[in-house]
Number of protein chains: 2
Amino acid sequence: MSAQRTSGRRPKGESLTREAVVREAVRILDESGERGLTVRALAERLRTGAGSIYWHVNNRDALLDLACDTILSECESGEADVDGDELDAIRSLALSLLDTLDQHPWIGLHLPRSTGVPSAMRLLDRIGTLLASYGVPADRQFFVATAIFTYVLGVAAQMTRSALTVAATHTRDEWLAERSARLAELDPQIYPFLHGVAAQLRTHDDREQFVTGLDLLLAGIRSQWDSVP
Amino acid sequence: MSAQRTSGRRPKGESLTREAVVREAVRILDESGERGLTVRALAERLRTGAGSIYWHVNNRDALLDLACDTILSECESGEADVDGDELDAIRSLALSLLDTLDQHPWIGLHLPRSTGVPSAMRLLDRIGTLLASYGVPADRQFFVATAIFTYVLGVAAQMTRSALTVAATHTRDEWLAERSARLAELDPQIYPFLHGVAAQLRTHDDREQFVTGLDLLLAGIRSQWDSVP
DNA sequence: ACCTGAACACCGTTCAAGT
DNA sequence: ACCTGAACACCGTTCAAGT
């Protein structure tokens, strides 16, 4: 069916679009990470020359921005209704964002380096709006919104690291066991804490870890500002 | 005095050391960011050939790890005494860590991609130890420690972005004004929140922003677990 | 033990020339 | 308007050969 990777030129008339370029870039990023995305590799998979890419996209960085933006846009639309207050809504927004970032690990590493991703700003905006209506004082809303957003991105970036190493080793369980073993090997003199907790990290769940920190932030908000209905 | 950048070979007998290589790498990173650090540029400043670098360091990634590690090691040693409980100690540790990351903005962007930075692990260990002695339950200590550490790195990475843009524009005030203006220009239909807060961001202070989120995390910890003395 | 310098296999980006 | 393909100016890394 798909003549995707066969070389030979693409049929005439059927011209490339910016969307098609970005879509294929996302596929490469999912398969082989940021390092796998080279202009030449992308061009080859689109059965065209490297130069063509630059007709549709300014440069490689812009391409990464666009790739992030398309994925995050999908995440935006799927906002479920929540019963509970605004902080519960933020919680569920953050969780679905984490799921998205988990499926496309390259986003968490690229977003901190970039400014040009509108959908990321819209997500930040959404969090800020929710905080405002919850009752966080006006002069704190932006700081708190950014803190939450930063936390989500930070955890996502960290998860990426494991995702890449898992891919390199065999299964996720194997990787967890190996990491736990490596921590246990640490000199308890220098790493008393990490050496000690090594055992429980055999069953470490990224999502559970994420929720712990997120709920601390939300608990902090609740303890500092009561809801204004 | 310094014949630093003059070309010509380095005197014999005076052989390069791994420390000297890393020290010069840090200088380049401080001056021109991660992209500025190329093996060739580094070799030239050390008045040697590109190949020599690989005698002292495995590869470019290892060099970045080492650069991060030397800087974070310095941060580690300068731990001030604090009056207050363990959470106050964490707070001051986080603040001094942020200062370090602020002076070397490339660290915040590289650390999430890396695993091989011992001093970063020691800092995480320190946070965990403090949480344990504060009284966070054993099965939460690691998650909470990671949440705090992730938050610090995340904010640092974000600050880096502004640091780089500030360097590109003129002064910090100009940059703040410009960013505030850009936010004000946003379509209030799509970005109701960000459009609204644009004005107060003219005096936005990274450190104040950082403290806001950090204190929320700490308040969350206090509200969930009372200190066990 | 430590360095040299050339070579290899790549990059992103540009641009005249084509259709 | 959209694409081609060669060229430019770089990369990181390796490695025989030197001292």
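Scroll up to find the structure.
Residues numbered from 1 in each chain as written. Chains lettered and ligands numbered in written order. Predicted model: local features only at pLDDT ≥ 70, side-chain atom pairs only at ≥ 80, totals over all residues. Heavy atoms only, no water.

As for the overall build of chain A
Along chain A, the regular secondary structure elements total eleven helices and zero strands. For chain A, the spread of C-alpha atoms along the three principal axes comes to 65 × 50 × 30 Å. Looking at chain A as a whole, 49% of its 229 residues qualify as buried. A sequence separation of at least 24 residues applies to 70% of the contacts in chain A between residues at least 6 apart. (Helix = DSSP H or I, 4+ residues; strand = E, 2+ residues; numbered from the N terminus. Buried < 20%, exposed > 50% of the residue type's maximum accessible area, 1.4 Å probe, protein only. Contact = heavy atoms within 4.5 Å.)

Things to note about the relation of the copies chain A and chain B
Overlay of chain A on chain B (RMSD 0.0 Å): rotation 180 degrees, translation along the axis 0.0 Å. Given the turn and translation reported, the copies of this chain are related as if by a two-fold rotation axis. Nearest to the rotation axis, the C-alpha of Gly220 of chain A is located 2.0 Å from it, this being the minimum over chain A. With an isologous cut-off of 70% or more, the 98% of interface residues of chain A that recur at the interface of chain B puts this contact in the isologous class. (Least-squares fit on C-alpha atoms with pLDDT ≥ 70 in both.)

Things to note about the protein's contact with DNA strand C
Around DNA strand C, the structure places 18 residues, and the nearest of them are Arg40 and Tyr54 of chain A together with Leu16, Thr48 and His56 of chain B. Protein-proximal atoms of DNA strand C, defined as those within 4 Å of the protein, fall in sugar or phosphate at a share of 58%. Residue Gly49 of chain B places a main-chain N or O atom 3.2 Å away from a phosphate oxygen belonging to DNA strand C. Take Ser52 of chain B: an N or O atom from its side chain is 3.0 Å from a phosphate oxygen of DNA strand C. Contributing elements (two or more residues each) for the surface near DNA strand C: helix H2 (39-45) and helix H3 (50-56) of chain A together with helix H3 (50-56) of chain B. Of the residues contributing to the surface near DNA strand C, the split by class is five nonpolar, nine polar and four charged. (Near = heavy atom within 4 Å. Polar contact = N/O pair within 3.5 Å; in protein donor to acceptor, adjacent residues only side chain to side chain. Nonpolar A, V, L, I, M, F, W, Y, C, P; charged D, E, K, R; others polar.)

A short note on unusual backbone geometry
Here the phi dihedral of Arg47 of chain A falls at roughly 55 degrees; this positive angle occurs in a residue that is not glycine. Structurally, Arg47 of chain A can be placed in the loop between H2 and H3.

Some thoughts on the nonpolar core
Counting 143 residues, the largest nonpolar core has Leu131, Ile148, Phe210 and Ile221 of chain A together with Leu131, Phe210 and Ile221 of chain B as the members making the most contacts within it. Setting aside chain neighbours within four positions, we find Phe210 of chain A in contact with Ala94, Leu95, Leu98, Tyr151, Val152 and Val155 of chain A. (Core = buried A, V, L, I, M, F, W, Y, C linked by side-chain atoms within 4.5 Å.)

Here's the deal with the packing of helix H8 (residues 138-168) of chain B against helix H11 (residues 206-224) of chain B
Residue and element names in this part refer to chain B. Running from amino to carboxyl end, H8 crosses H11 at an angle of 170 degrees, the nearest separation of the two axes being 11 Å. Between H8 and H11, the crossing angle belongs to the class labelled roughly antiparallel. Where H8 abuts H11, its residues Val144, Ala147, Ile148, Tyr151, Val152, Val155, Gln158, Met159 and Ser162 lie against Asp206, Gln209, Phe210, Gly213, Leu214, Leu217 and Ile221. Classifying every residue of the contact of H8 with H11 by side-chain character gives eleven nonpolar, four polar and one charged. (Axes fitted to C-alpha atoms, helices over the stretch in contact; angles between N-to-C directions. Parallel < 35°, antiparallel > 145°, perpendicular 65-115°, else oblique.)

Let's talk about the protein's contact with DNA strand D
Around DNA strand D, the structure places 18 residues, and the nearest of them are Leu16, Thr48 and His56 of chain A together with Arg40 and Tyr54 of chain B. Backbone atoms, meaning sugar and phosphate, form 57% of the atoms of DNA strand D found within 4 Å of the protein. Between Ser52 of chain A and DNA strand D, the recorded distance is 3.0 Å, taken from a side-chain N or O atom to a phosphate oxygen. Residue Arg60 of chain B places a main-chain N or O atom 2.9 Å away from a phosphate oxygen belonging to DNA strand D. Within the residue set of the surface near DNA strand D, elements represented by two or more residues are H3 of chain A together with helix H2 (39-45) and H3 of chain B. Here the surface near DNA strand D gets four residues from one element, more than from any other, and that element is H3 of chain A.

Digging into the environment of Val57 of chain B
The residue Val57 of chain B is located in the loop between H3 and helix H4 (60-77) in this model. Taking C-alpha positions, Val57 of chain B is 48 Å from Ala199 of chain B, a pair spaced 142 residues apart along the chain.

Quick word on the interface of chain A and chain B
Counting from both sides, the interface comprises 57 residues of chain A and, opposite them, 56 residues of chain B. Of the roughly 4,800 Å² buried between chain A and chain B, counting both surfaces, carbon and sulfur atoms make up 64%. For the chain A face of the interface with chain B, the top three residues by lost area are Phe142, Phe193 and Leu216 of chain A, together amounting to 15%. Connecting chain A to chain B are six salt bridges. The shortest N-O distance in the salt bridge between Arg35 of chain B and Asp61 of chain A comes to 3.4 Å. Looking at the side of chain A that touches chain B, the elements with two or more residues in it are helix H1 (18-36), helix H7 (118-134), helix H8 (138-168), helix H10 (192-197) and helix H11 (206-224) of chain A. Top element by residues in the side of chain A that touches chain B is H8 of chain A. It accounts for 17 residues. (Buried area = accessible area lost by both parts, 1.4 Å probe. Salt bridge = Lys/Arg side-chain N within 4 Å of Asp/Glu carboxyl O.)

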